[in-house]
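Okay, here's what each chain looks like letter by letter:
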Protein chains: 2
Amino acid sequence: MLNDLPTPCIVIDAAVVARNLRRMATYAKSHGLAVRPHTKTHKSTLLGRMQLEHGAIGLTVAKVGEAEVMASITDDILMAYPAVDPQRCARLAQLARSKTVRVGIDSTIAADALAAAARSAGATVGILVDLDVGHHRTGVQSAGEALALAQHIDRSKGLRLDGVMFFPGHIASPPASQAPALTAVGAKLEEVLSLWRRSGLEARVVSGGSTPTAYQSHLVGHLTEIRPGTYVYNDMNCVRGQCAALEDCAARILATVVSTAVPGQVVLDAGSKTLTSDRCGPAPDSGHGHVLEYPQAKITKLSEEHAQVDVTACDRAPKVGERVTVIPNHICPCVNLQDQVWWKEEGSPPRAIMVEARGKVF
Amino acid sequence: MLNDLPTPCIVIDAAVVARNLRRMATYAKSHGLAVRPHTKTHKSTLLGRMQLEHGAIGLTVAKVGEAEVMASITDDILMAYPAVDPQRCARLAQLARSKTVRVGIDSTIAADALAAAARSAGATVGILVDLDVGHHRTGVQSAGEALALAQHIDRSKGLRLDGVMFFPGHIASPPASQAPALTAVGAKLEEVLSLWRRSGLEARVVSGGSTPTAYQSHLVGHLTEIRPGTYVYNDMNCVRGQCAALEDCAARILATVVSTAVPGQVVLDAGSKTLTSDRCGPAPDSGHGHVLEYPQAKITKLSEEHAQVDVTACDRAPKVGERVTVIPNHICPCVNLQDQVWWKEEGSPPRAIMVEARGKVF
């Protein structure tokens, strides 16, 4: 049945998804943590609904368009991304009229823009102060800055100060060696939260967690919720980063060999417009994904619609027309390139499910 | 008016597009070469139609879905990509019932699959033998292999042997120093074509040309047509490869600064889901695109929705909420991430045009 699917395409193993969701739910429950999955990975209401059925308290998004899609299945949305322009703020405020909407921000400019939009819509937008815990991408730098921004938000009509968020993207070491870095994050949180307390401000929500750190989140302390995204599907970043095994990778790219003309090489019909050019974080020189049927093969080069695969280390090589399965380095942007993915349940033919939030760039 | 567009988005300067199209048309005409633009760059019928109006003899695609979109505006399509699976071949053969459809292939397996589909549809598919001239991606390796495949095609009912195609993707040096490499391509073509002639086979079509080599195509000899794609928009690959100037870049990404919290850095709302992770070929360490308003800035790191920009070398830095213009490393996969782009003509507000062939992965 998989042989009838047009390639390249993404096939999702429903049983592996269910196992990934159960594992995260069980971990979080045992540590008293809420899960608010980041939907950037699947961008699909089917998967979002499954996450909610597995106990997620709400969903995380990066874009307003994603928030609008996910609002059809949940009443509680966190946009873990600063909204600063008037258009984005207006659409968020509109959503906040009927839903619990929170936004993570790190500037008074964003606070003022959201407050103006909220007042204009007659809504209240919840705010999490985005704290830089070492990833150095966004987030206020110090406890003092976190307090100043929190006080500004607390004074702003239309906003509701809800707490703190952070993204521990700098912690990519194997889970077994993450404890010191996570303890340092906890210390920074403690500094911020105690300063807030002394100033009469409360953080009801402390939101953190990435997929690589997800199962070590209890080491941080202070957390009320985690926001893993990739864990639903997993990918070679997870496998080589030792936070998932190959058999935990639920999303696989089916590709066809289209050329074997160059000696020692085969070419797949999955290029950068399918696999993306994202390198593998933990192993940047490992190539552009893992070919399941030919584990010695290396995807050495991508062009837009071609993957060049070095098969010189393989005992045998695939022929033109043969199909292979690739686990990509980074599944999230791969899904974002597809209008639909194929959902495969044991005993049933694959069925197309829509990636409804794909292309919601705004 | 550009300030009202939601970001991130792609804005196309219509005047620059027209200049790029005129320049290519003038060059090709002066050298007796036909132009068959590769539509992978724009994936839009508006642009394809403009290329045809500027004298293109037909259009090039990589995917059957793209062919089906472009068939609405031209009767002459080349799929410069091997079709080997039955589904792809069947759809191409269907198209070949009413259109001139050619496919570039490098294996007898592909030839047999296309022949079977053509016979089944009662159509004839034109074939170009794909020749490896040094890029080592696809293409038969030797004149002997090219002859053997051509003879196989010539004997196949349902197929029509039309000629040879190649992609000189290995020639990325500045145009001024391409002559030796292009002469070597010409020598390889001469070897193939003379062997075909001696065997009674004719190549009515000799199709080559990439954007970096486009304006040197006359140095190859034997060519009947060229297939540049990127030239319609251009990008930093072209600028740093010296085949276009900054002012020839017609497609620009409008982005908003969403965070300045980390010292020495600003963050744009255009990450790898907008700019892609494609490095700049001629300058892999130059970052992820060029910020027009801040030429000293360097986009050092992308995550899915964030671009981290090092502004330490800049005299001044943009503020949160400010908009900037980015010329990406590689425009083709960026366009493929957008449902629509904004078309800007002098004196008119930008209007949305659809990227109809986006997501046509099959």
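Quick caveat, the model's predicted, so the values are computed rather than measured.

> Which parts of the structure should I look at to understand the interface of chain A and chain B?
A common way to state how big an interface is: give the accessible area lost once the parts meet. Opposite the 49 residues of chain A that make contact, chain B presents 49 residues. Residue composition of the side of chain A that touches chain B, grouped by class: 18 nonpolar, 20 polar and 11 charged.

> Quick question: what am I supposed to make of the relation of the copies chain A and chain B here?
The two chain copies are connected by a rotation around an axis plus a translation along it. When chain A is fitted to chain B, the best match, at an RMSD of 0.0 Å, comes from turning it 180° and sliding it 0.0 Å along the axis. Seen this way, the second copy is the image of the first under a two-fold rotation axis. No C-alpha of chain A approaches the rotation axis more nearly than that of A:Ser277, which lies at 2.6 Å. Mapped onto chain B, 100% of the interface residues of chain A again fall at the interface, so both copies present the same surface.

> Which parts of the structure should I look at to understand helix H1 (residues 14-30) of chain B?
Every α-helical turn comprises 3.6 residues, leaving residues that sit three or four positions apart pointing alike. All names here are of chain B. An ideal rise of 1.5 Å per residue puts 24 Å on 17 residues; H1 measures up with 24 Å between its terminal C-alpha atoms. What H1 keeps buried is the set Val17, Asn20, Leu21, Met24 and Ala28. Mapping the buried residues of H1 onto a view down its axis gives an arc of 95°, with all of them on the same face. Turned more than 90 degrees off the buried face of H1, the exposed positions are Ala15, Arg22, Thr26, Lys29 and Ser30. In this structure, the buried residues of H1 make contact with strand E1 (9-13), strand E2 (34-35), helix H2 (45-53) and strand E9 (225-226). Among the residues trailing H1, Gly32 stands out with phi positive, at a value near 65°.

> Quick question: what am I supposed to make of the sheet that holds strand E4 (residues 76-79) of chain B here?
Sheet strands line up and pair through hydrogen bonds in the backbone, either parallel or antiparallel. Taken together, eight strands build an open sheet; the order of strands is E2-E9-E8-E7-E6-E5-E4-E3 (chain B) and the sheet is parallel. At either margin of the open sheet sits one strand with a lone partner, and together these are E2 and strand E3 (59-61) of chain B.

> It is not clear to me how the sheet that holds strand E4 (residues 76-79) of chain A should be interpreted in this structure. Could you clarify?
All names here are of chain A. With parallel pairing, eight strands are arranged side by side in an open sheet as E2-E9-E8-E7-E6-E5-E4-E3. Edge positions in the sheet fall to strand E2 (34-35) and strand E3 (59-61), since each of these pairs with one other strand and no more. With six bridges joining them, strand E6 (residues 125-130) and strand E7 (residues 159-165) adopt parallel strand pairing. Each residue of the ladder has a partner; that of Ile127, found in E7, is Leu161.

> Whenever I open this one, the domain arrangement of chain A confuses me. Can you help?
All names here are of chain A. Along its sequence, chain A is carved into domain 1 (14-233) and domain 2 (239-354). For domain 1 and domain 2, the distance between their C-alpha centres works out to 32 Å. Top element by residues in the side of domain 1 that touches domain 2 is helix H1 (residues 14-30). It accounts for five residues. Here the residues of the side of domain 1 that touches domain 2 sort into 10 nonpolar, seven polar and two charged.

> Just to check I follow, could you spell out the pairing of E6(A) for this structure?
Looking down a regular strand, the side chains alternate between one sheet face and the other. All names here are of chain A. A large share of E6 lies buried, amounting to six of its six residues. As defined by bridge partners, strand E5 (residues 100-105) adjoins E6 across four bridges and the pair is classed as parallel. Within E6, the residue paired with Gly104 across the bridge is Leu128. Handedness of the E5-helix H5 (residues 108-121)-E6 crossover: right-handed.

> What exactly am I supposed to notice about the environment of A:Gly169 here?
Residue and element names in this part refer to chain A. Inspection of the secondary structure puts Gly169 in the loop between E7 and helix H7 (179-198). Through-space distance from the C-alpha of Gly169 to that of Asp248 is 21 Å; in sequence the pair is 79 residues apart. When near neighbours in sequence (up to four residues on either side) are disregarded, Gly169 contacts His135, Arg137 and Ser210.

Thresholds, definitions, all that
- Residues numbered from 1 in each chain as written.
- Chains lettered and ligands numbered in written order.
- Predicted model: local features only at pLDDT ≥ 70, side-chain atom pairs only at ≥ 80, totals over all residues.
- Contact = placed C-beta atoms within 7 Å.
- Nonpolar A, V, L, I, M, F, W, Y, C, P; charged D, E, K, R; others polar.
- Least-squares fit on C-alpha atoms with pLDDT ≥ 70 in both.
- Helix = DSSP H or I, 4+ residues; strand = E, 2+ residues; numbered from the N terminus.
- Expected span 1.5 Å × (residues − 1).
- Buried ≥ 20, exposed ≤ 12 C-beta atoms within 10 Å, placed from the backbone.
- Arc of directions from axis to C-beta.
- Pairing = 2+ DSSP bridges.
- Domains from an automatic or database assignment.
- Right-handed = clockwise from strand over helix to strand, strands pointing away.

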